[in-house]
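Results of the structural survey
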Amino acid sequence: MRQRLYRLILRMTAIPLAILLYLMILSGYGLTKSESVQMVTFGILDYAICMNLHTSPLIRTVVITLAILHGVAGFELWVFRVKRKFLRGVIRLLLWILVCLVVIQFLIIELS
């Protein structure tokens, strides 16, 4: 049952995450190489739009949330392959500790 949920999470987050990461990378390039980005996007992404995209708190929050969900689901599916129950529990515990630390780091950065 949980494996189905994790697969669903992977399917639901993969495409939006890929699109948003592409936009974040492209808009980052747009801040340093605006003419090149404007040329390859046929004028859609100019410097101002790249600045708005790259510094948008909403996009950043969505990317972080999708990445965490996608990563947890992927690691949880991987953990199901571990045969030893004790080792599986240790890995799962370490995963959730890492997730909590990452979330706390992002919260501190976003709220400061």
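Calculation notes
- Residues numbered from 1 in each chain as written.
- Predicted model: local features only at pLDDT ≥ 70, side-chain atom pairs only at ≥ 80, totals over all residues.
- Heavy atoms only, no water.
- Phe/Tyr/Trp six-rings, centres within 6.5 Å; stacked < 30°, edge-to-face > 60°.
- Helix = DSSP H or I, 4+ residues; strand = E, 2+ residues; numbered from the N terminus.
- Lys NZ or Arg CZ within 6 Å of the ring centre and 35° of its normal.
- Polar contact = N/O pair within 3.5 Å; in protein donor to acceptor, adjacent residues only side chain to side chain.
- Contact = heavy atoms within 4.5 Å.
- Expected span 1.5 Å × (residues − 1).
- Buried < 20%, exposed > 50% of the residue type's maximum accessible area, 1.4 Å probe, protein only.

**What about the packing of aromatic side chains?**
The full count for this structure, using the stated rule, is one aromatic pair. Here Tyr-6 and Phe-80 contribute two aromatic rings whose centre-to-centre distance is 6.3 Å and whose plane-to-plane angle is 45°, an arrangement assigned as tilted. Of this pair, Tyr-6 sits in helix α1 (residues 2-32) while Phe-80 sits in the loop between α4 (57-79) and α5 (85-111), and the two are 74 residues apart along the sequence. Seen from the ring of Phe-80, Arg-92 lies directly overhead, with NZ or CZ sitting 5.4 Å from the centre.

**What about the side chain of Ser-27?**
Summarising the element assignment, Ser-27 is placed in helix α1. Separated by 3.0 Å, the side chains of Ser-27 and His-54 make a polar contact. Ignoring anything within four residues of it in the chain, the contact list for Ser-27 reads Cys-50, Leu-53 and His-54.

**So, α4**
The first and last C-alpha atoms of α4 sit 32 Å apart over 23 residues, in line with the 33 Å expected at 1.5 Å per residue. Within α4, the full set of buried residues consists of Ile-59, Val-63, Ile-64, Leu-66, Val-72, Ala-73, Glu-76, Leu-77 and Val-79. On its buried face, α4 sits against α1, α3 (47-54) and α5.

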